[in-house]
Amino acid sequence: MASATAAATPEVLAKPAARVLSEALGDSVLRADDFRGDLAITVARKAWVEAARLLRDHPELDYKLFLDLCGVDYLDREDKDERFEVVLHLYSVSRKHHVRLKTPVPGGDPTLPTIIPLFRGANWFEREAWDLYGIVFEGHPNLTRLLTHDSFVGHALRKDYPTARRHVLKSPREMLLKVPEGSEDLLINIGPSHPTMHGTFRVQALLDGETIRDAEAEIGYMHRNFEKMAEERTYWQIIPYTDRLNYCSSFMNGHGWALAVEKLLGVPAPPRAEAIRVILSEFSRIMDHIIAVSTNVVDLGAITPYFVMFRAREDIYELLEACCGARLTVSYVRIGGLAQDVPEDFEARCRKALAAVREVWDAGNDLLTRNIVFQKRFKDVGVMQKDEALSWGWVGPCLRGSGVAYDVRKSHPYSGYEQYDFDVPVGTVGDCFDRYLVRMEEMRQSIRIIEQALAKLPKGPVITDDRKVALPPKSEVYSNIESLMNHFKLVYDGILPPPGEVYGYTEGANGELGFYVVSDGGKHPWRVKVRPPCYNIYQAYPHMIRGGMLADAVAIIGGLNVIAGELDR
């Protein structure tokens, strides 16, 4: 405990997680920090697994929701025994608290024990950390490439890996499964060209007739390494990249990124900007849920709900276009606020979009909810129990469908969500039908939030007046030398946040969208890790379809609403 005491204040060490780990692990707790309200505990490599177990199982802590695991490369550190860090993010639903567990990993021996026995969701995250950083997780059952291909050489997110280096895939992708010798089972590929797989992910299934005996999933077909690009861009320049994560509700991605950077800077956006962010985020959530519900039904063979429900998206797109000139990838949010104010007829446009949403919601509900064929395809299919969902790291409608009432907007309100009255729907069975019902009800709750936000939409500016963060108005730049110099300096130097690290998180359409940002004080982030909701959710898909029917696999994947842009990044 001595080293931890030397590196942390008494207030930090008094926090339950820091106190429990310090008492149990002693000198293996190296540091405990609380920056911008984020508790981060660093432990020695030998205590990595035990620290994670204590966080999960200790009754005072109960960090059972696995969120994220990633690597960070500190190449410029003099102590090469701490070149890499492995960072684990966990959440306690009962305590409503996030925690960050870290451990240094030497550059000469980048090895660490796996934590898959503790958290099932760690599987792909450890594979990714090996793929992109070369960190070996001992005991991992399948430590192979995940986001890059088998012919890739090196580890792309290491700081000494050239950004422009390319590796051509020259050999066919390897088989994920093999047919047992003497078996009559059939090995098939579902995707990437199958319509339900959106051309970007693949599942290999071993079939005994119509029953799936075994399955494995493969991703990486759309991987563009958002995180490597972010290391060479300013905080502003990353905003358009966030739009390409979940492109079905792109505004929400920029909203989440801006809040993470604002947290790092300690600079809030004005009230009017926050209210507009909420309104457009909730419209984006509705649009995303419409896509999830209606396209899933198309995959099952029914086209009418798709034609009916998709109509409302056009009204929402017209609203977004009126605000910023773009429809799909909007790039409307700015750090500290918004790019510009909304049009004068903003409220009227919102009312028109709300009317369209209500109409298609009623029609979709009439077509589907009590439809006996739809119920038979969805009820008791793809069941995910509460404890399993937490271990895999499920969030959003999928987690709430399994009976866990965790919604970031309620548990950790941001952008003024504490002002609005809305409910968090939860399921009881955890099947496809529960996940459908949760999304349908969430659309109704989003309508409630939008109406309340419109009723109390404040006047005022839509961007902060902090000139270290936001550009001065163009009228001032053209007429005032101080504003011109301010503009030049901010564009040339960029935003310069203090050194430190934060985890910013918002309730995206598919659940908790997190941005782990490490700053060294420069104009570019040292590290950006996206915590994509779909990644944890899709990882469980092969487990869900084993033992089920091939037709059920199609119903399940649509209900999970996997978006390839955020899955692969």
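Everything here concerns the structure above.
Here is a short report on the structure shown in this document. On a predicted model such as this, the values are computed, not experimentally measured, just so you know.

The helix and strand tally for the protein stands at 23 helices and 15 strands. Here the C-alpha radius of gyration of the protein, 24 Å, is about what a compact globule of 569 residues would show, namely 25 Å. Oriented by its inertia axes, the alpha-carbon framework of the protein measures out at about 75 × 60 × 50 Å. Evaluated residue by residue, the protein yields a buried proportion of 58% over its 569 residues. Residue pairs at least 24 apart in sequence account for 67% of intrachain contacts in the protein once pairs closer than 6 positions are excluded.

Turning our eyes to something else, we now look at the nonpolar core. L21, I41, L69, L101, W394, Y538 and Y541 are the most contacted members of the largest nonpolar core, which totals 159 residues. Element by element, the count of residues in this core is highest for helix 9 (residues 271–300), at 14 residues. Excluding its chain neighbours within four sequence positions, the residues that come into contact with L69 are W48, V86, V87, L88, I115, F125, E126, A129, F137 and K529. Core analysis: the second largest hydrophobic core is formed by 21 residues, F226, Y235, V267 and I495 among them.

In this section: the sheet that holds strand 13 (residues 500–508). Taken in spatial order, the three strands line up as 13-14-15 in an open sheet, and their pairing is antiparallel. Single-partner strands in this sheet number two, and they are strand 13 and strand 15 (527–531). Averaged over all neighbouring strand pairs, the angle between strand axes comes to 10°, with direction disregarded. With five bridges joining them, strand 14 (residues 511–519) and strand 15 adopt antiparallel strand pairing. If you follow V517 over to strand 15, its bridge partner there is V528. Packing against the sheet, helix 8 (residues 250–265) makes contact with strand 13, strand 14 and strand 15, and its axis sits at approximately 150° to strand 13.

Let us now look at the packing of helix 12 (residues 346–368) against helix 17 (residues 432–455). Helix 17 packs onto helix 12 with a crossing angle of 160° between their chain directions and a minimal axis gap of 11 Å. Our classification of the angle between helix 12 and helix 17 gives roughly antiparallel. In this structure, helix 12 crosses over helix 17, and the sense of that crossing is left-handed. On helix 17, the residues touching F346, E347, C350, R351, L354, V357, R358, W361, G364, N365 and L368 of helix 12 are Y436, M440, M443, R444, I447, I450, E451 and L454. Broken down by class, the residue content of the contact of helix 12 with helix 17 amounts to twelve nonpolar, two polar and five charged.

As a packed pair, helix 9 and helix 17 sit with axes 9 Å apart at the nearest point and diverge in direction by 160°. Our classification of the angle between helix 9 and helix 17 gives roughly antiparallel. The element helix 9 and its partner helix 17 pack so that their crossing is left-handed. On helix 17, the residues that touch V278, I279, E282, F283, R285, I286, H289, I290, A292 and V293 of helix 9 are Y436, R439, M440, E442, M443, S446, I447, I449, I450, A453 and L454. Of the residues that constitute the contact of helix 9 with helix 17, the class distribution is 15 nonpolar, two polar and four charged.

For the rest of this paragraph, the subject is the pairing of strand 3 (residues 65–73). The buried fraction of strand 3 amounts to nine of the nine residues, a majority that puts the element mostly inside the structure. Alignment of strand 3 against strand 4 (residues 84–92), held across eight bridges, turns out to be antiparallel. Pairing of V72 across the sheet is with E85, part of strand 4.

Before going further, it helps to examine the pattern of salt bridges. One pass over the structure, following the stated rule, counts 48 salt bridges. Residues R31 and E85 are paired through a salt bridge, measuring 3.9 Å at the closest nitrogen-oxygen approach. With R31 in strand 1 (residues 29–35) and E85 in strand 4, this residue pair connects regions lying 54 residues apart in the sequence. Between R77 and E85 there is a salt bridge whose closest N-O contact spans 3.6 Å. Judged by relative accessible area, which is 23%, R77 ranks as partly exposed. On the basis of relative accessible area, E85 is assigned to the buried category, the value being 1%. In this structure, a network of salt bridges that share partners links the residues R31, D38, R77, E82, E85, R100, K102, K263 and E501.

Let's shift gears to the sheet that holds strand 8 (residues 186–190). The pairing of strands in a sheet comes from backbone hydrogen bonds and takes either a parallel or an antiparallel form. Across the sheet, which stays open at both edges, the three strands sit in the order 8-9-10 with antiparallel pairing between neighbours. The outermost strands of the open sheet, each flanked by one partner alone, are strand 8 and strand 10 (211–218). Strand-to-strand twist in this sheet, taken as the mean axis angle between neighbours without regard to direction, amounts to 20°. The sheet contact formed by strand 8 and strand 9 (residues 202–208) spans five bridges and is antiparallel. Bridged to N189 within strand 9 is Q204.

It is worth spelling out helix 5 (residues 122–133) at this point. Residues separated by three or four positions in an α-helix point in the same direction, a consequence of the helix having 3.6 residues per turn. Here helix 5 contains twelve residues, and its C-alpha end-to-end distance of 16 Å stays within 8% of the 16 Å for a straight helix at 1.5 Å per residue. The element helix 5 is extensively covered by neighbouring structure, given that twelve of its twelve residues are classed as buried. Taken together, the buried positions of helix 5 are occupied by A122, N123, W124, F125, E126, R127, E128, A129, W130, D131, L132 and Y133. Where helix 5 terminates, the next one or two residues include G134, which has phi positive at roughly 80°.

With that out of the way, let us pick up the state of the cysteines. In the structure shown here, the tally under the stated rule is zero disulfides. Not engaged in a disulfide, the cysteine C248 finds its nearest cysteine sulfur in C534; these two sulfurs lie 9.0 Å apart. Take C248: its relative accessible area is 12%, and that puts it in the buried class. Of the cysteine sulfurs around C398, a residue in no disulfide, the closest is that of C534, at 8.2 Å.

How each quantity is defined
Residues numbered from 1 in each chain as written. Predicted model: local features only at pLDDT ≥ 70, side-chain atom pairs only at ≥ 80, totals over all residues. Heavy atoms only, no water. Helix = DSSP H or I, 4+ residues; strand = E, 2+ residues; numbered from the N terminus. Rg over C-alpha atoms; globule rule 2.2 N^0.38 Å. Buried < 20%, exposed > 50% of the residue type's maximum accessible area, 1.4 Å probe, protein only. Contact = heavy atoms within 4.5 Å. Core = buried A, V, L, I, M, F, W, Y, C linked by side-chain atoms within 4.5 Å. Pairing = 2+ DSSP bridges. Axes fitted to C-alpha atoms, helices over the stretch in contact; angles between N-to-C directions. Parallel < 35°, antiparallel > 145°, perpendicular 65-115°, else oblique. Left-handed = near helix turned anticlockwise from the far one by under 90°. Nonpolar A, V, L, I, M, F, W, Y, C, P; charged D, E, K, R; others polar. Salt bridge = Lys/Arg side-chain N within 4 Å of Asp/Glu carboxyl O. Expected span 1.5 Å × (residues − 1). Disulfide = S-S within 2.5 Å.

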